[in-house]
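The lines below spell out each chain.
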Amino acid sequence: SGARANRRAMDGSDDEMREAVADEGAEAEAEDQPTMDADSESDDEDRRPRRTDGDSEPSPPRRRTPPRERSPRRDEPKKEKNPRKNPPMEMIIGAEDAAFLVGTGGKTKDKVARVAGARLDLLDADDGKHRLEIFGKDENRRKAKQYVQWVLRQRVGPITVDTSGPRRDDLSIVSVPLDCVAYVMGKNGIVLRNIEEEYGTLMFFGKPTSGAEEGVEKLMILGSRRSRRGAELKVMSAVEHKRKGFSVDEKKELRRRLEQVGDGEGDGWGYDVFPFHDDEFSYALGAQGSTRKKLAAASGCILEYIGDVAVMAGNRDERRRCWDYLNWLLKQRKGALSVDPKGRDDVLELPVPSGKAGRLSGKGGNVLRSIEKETSTFCFLTDNRAAADGESRDELMLIFGQDKRDRYKAMDLMEDAMEGKYQPKGGGGGGG
């Protein structure tokens, strides 16, 4: 069941978590002390008006004004040093709940804080209990408190999520077939934890108060619009791998349109579906997904493979880049690739002198793949263009990526590689 799966997902033994709680309490007692700038006094001296030399006549002496009686002070409360704009929201929880919330090394508490956009401090309280202080904006504190309650609920039974009212702007709900729940969770919840880490979400199986379906468990995904969509596609990929045809039909189209909170707002956010043919999937995936990750990082687009289709999610520019990069990657398999970079704002051109291409590519492409991974770019050589006089021209390396700084960094590393001054960092994976 979803409740048992959620309990298996929380990592770490009770002893480890209790030790982590003790560390949390000790760290929370320390307060940062304000420091003074040693140069502040000299800075004030510099800002004082200075007398200038010259022949100008001195100004006449100013008449002293009669002293005024000081008005009585009002009884105002003294201001505290460094007052907090928003007082913390507090929760009192038991020792076992505190250990469960902290998790191994504080990972669970940190995850809740990150997704909610709040700060969580766990302090010792009376009678062996703990006081959880939640800092942040009102909305973020409310979310954090709700997330904490849901996390702690996993210890005792299924989690019920009220979906009868207005749709939450931080929640997506994904249907997972009963025979796929264990596969999506992974051993001790490792698969879900990895998805949470990759996309910055909080995920658990729960029971919504509306929209129940037979034969499926409901997976709750909490986070921003972008992070929720990425996690949703990753889960759909896992389900499709376990039960082929659940999400993608024989025409290589999604069976159900993706509709979560944040879709259809008219701001350019959306998704595109790219069908694979023959054995393109394995080439576009790469070893341990390295090629897919490379294209996603270079384009700035969410990219996940669900069965025989690639789904790209993001704004229009991100999706356009991702579509082009994936299309070019697959065309490379059929021979030299010629791309006209004119008019694009996501590319740099690097001429490669004759005889240097092999050094830049490296053994099995390891040098180029390493540079791509290090700089979040997608790079390839265009076909060798012949000059009008019959002499061969330099080849042209095209460096694609969403970030201008990354593109220039890749160019610098490539110049080093052509001079034999670059050492690849680890394997670049398969694919393009």
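This text follows the structure it describes.
Each chain has its residues counted from 1, following the order in which its sequence is written. Reporting in this predicted model follows two pLDDT cut-offs: at least 70 for local features of residues, and 80 or more for side-chain atom pairs to be given and counted; totals over whole chains, interfaces and linings ignore these cut-offs and use all residues. Side-chain calculation: all heavy atoms of the structure are included, whereas hydrogens and water are not.

## Examining the overall build of the protein chain
Part 1 of the argument: Within the protein chain, the regular secondary structure consists of 15 helices and 13 strands.
Part 2 of the argument: Accessible area is worked out with a 1.4 Å probe on protein chains only. A residue is then buried under 20% of its type maximum, exposed over 50%, and partly exposed in between. Burial status across the protein chain gives 42% buried among its 432 residues.
Part 3 of the argument: Contact definition: two residues touch when any of their heavy atoms are within 4.5 Å. Nonlocal contacts in the protein chain, meaning residues at least 24 apart in sequence, comprise 70% of its contacts between residues at least 6 apart.
Part 4 of the argument: Working note: accessible area of the protein chain is about 26,100 Å², and carbon and sulfur atoms make up 45% of it. Elements are defined by DSSP. Helices are runs of H or I of four residues or more, strands are runs of E of two residues or more, and each kind is numbered from the N terminus. Throughout, the Shrake-Rupley method with a 1.4 Å probe supplies accessible areas, and for residues the shown protein chains are the sole cover considered.

## Re the packing of aromatic side chains
Part 1 of the argument: Two rings from Phe, Tyr or Trp (for Trp, the six-membered ring) form a pair when their centres are within 6.5 Å of each other. A pair whose planes differ by under 30 degrees is stacked, one over 60 is edge-to-face, and the rest are tilted. The full count for this structure, using the stated rule, is 14 aromatic pairs.
Part 2 of the argument: Aromatic pair Y325 and F400: ring centres 5.7 Å apart, planes at 55°, arrangement tilted. One end of the pair, Y325, is in helix 12 (residues 316–331); the other, F400, is in strand 13 (residues 395–400), with 75 residues separating them in the sequence. You'll find Y325 and F400 in the same group, each marked buried.
Part 3 of the argument: An angle of 65° between the planes, with centres 5.9 Å apart, marks the rings of W328 and F380 as edge-to-face. Linking W328 in helix 12 with F380 in strand 12 (residues 378–381), this pair joins segments that are 52 residues apart in sequence.

## A few points about the environment of K218
Part 1 of the argument: Positionally, K218 belongs in strand 7 (residues 216–222).
Part 2 of the argument: Of the residues examined, K218 reaches a relative accessible area of 9% and is grouped as buried.
Part 3 of the argument: The spatial distance from the C-alpha of K218 to the C-alpha of F205 is 5.7 Å, given a sequence separation of 13 residues.
Part 4 of the argument: Side-chain polar atoms of K218 contact the side chain of S175, separated by 2.7 Å.
Part 5 of the argument: As used in this structure description, the phrase polar contact means that two N or O atoms lie within 3.5 Å; if the pair is within protein, one of them must be able to donate a hydrogen and the other to accept it, and residues adjacent in sequence are counted only when both atoms belong to side chains. A distance of 2.5 Å separates the side chain of K218 from the side chain of E213, its partner in a polar contact.

## Thoughts on the packing of helix 4 (residues 95–102) against helix 5 (residues 107–116)
Part 1 of the argument: For helices, the axis comes from a line fit to the C-alpha atoms of the stretch in contact; other axes are also lines fit to C-alpha atoms, and the angle between any two N-to-C directions lies between 0 and 180 degrees. Following both chains from N to C, one finds helix 4 and helix 5 inclined at 70°, their axes separated by 5 Å at the closest point. The orientation of helix 4 with respect to helix 5, classified from their angle, is roughly perpendicular. Two secondary-structure elements touch here, helix 4 through F100, L101 and V102 and helix 5 through K107, T108 and K109. Note that the term roughly parallel is reserved for angles under 35 degrees, roughly antiparallel for angles over 145, roughly perpendicular for angles of 65 to 115, and oblique for everything else.

## Concerning helix 11 (residues 290–299)
Part 1 of the argument: For helix 11, a buried count of seven out of 10 residues is recorded, marking the element as mostly surrounded by other parts of the structure.
Part 2 of the argument: If you check which residues of helix 11 are buried, you get T291, R292, K294, L295, A296, A298 and S299.
Part 3 of the argument: The first or second residue beyond helix 11 is G300, which carries a positive phi of 75°.

## Comments concerning the sheet that holds strand 1 (residues 89–93)
Part 1 of the argument: Paired strands, as defined in this entry, are two strands with at least two bridges between them according to DSSP. Read from one edge to the other, the open sheet built from three strands follows the order 1-3-2, with strand pairing classed as antiparallel. Among the strands making up the open sheet, the edge pair consists of strand 1 and strand 2 (119–124). Shown here is a sheet whose adjacent strand axes are inclined to one another by a mean of 25°, direction ignored.
Part 2 of the argument: Note that strand 2 and strand 3 (residues 130–135) share six bridges and pair antiparallel. Bridge pairing in strand 3 links R119 to F135.
Part 3 of the argument: Taken strand by strand, helix 6 (residues 138–153) contacts strand 1, strand 2 and strand 3, and its axis lies near 15° from that of strand 1.

## Focus: the side chain of D170
Part 1 of the argument: With respect to the secondary-structure elements, D170 resides in the loop between strand 4 (160–161) and strand 5 (171–177).
Part 2 of the argument: Residue class for D170 comes out buried when judged on its relative accessible area of 3%.
Part 3 of the argument: Among residues more than four places away in sequence, those in contact with D170 are K143, Y147, I221, L222, G223 and R228.

## As for the pattern of salt bridges
Part 1 of the argument: Should a side-chain nitrogen of Lys or Arg be within 4 Å of a carboxyl oxygen of Asp or Glu, the pair is scored as a salt bridge. A complete count under the given rule lists 31 salt bridges for this structure.
Part 2 of the argument: A salt bridge links R131 to E90; the nearest nitrogen and oxygen atoms lie 3.8 Å apart. Of this pair, R131 sits in strand 3 while E90 sits in strand 1; the two residues are 41 residues apart in sequence, bridging distant segments of the chain.
Part 3 of the argument: Since its relative accessible area comes to 24%, R131 is described here as partly exposed.

## Quick word on unusual backbone geometry
Part 1 of the argument: Although it is not a glycine, D127 adopts a positive phi angle of roughly 60°.
Part 2 of the argument: Turning to its location among the elements, D127 is positioned in the loop between strand 2 and strand 3.
Part 3 of the argument: On the basis of relative accessible area, D127 is assigned to the exposed category, the value being 78%.
Part 4 of the argument: Phi at D278 is positive, roughly 50°, even though this residue is not glycine.
Part 5 of the argument: Mapped onto the secondary structure, D278 falls in the loop between strand 8 (270–275) and helix 10 (280–285).

Everything listed is a geometric property; what it means functionally is a separate question.
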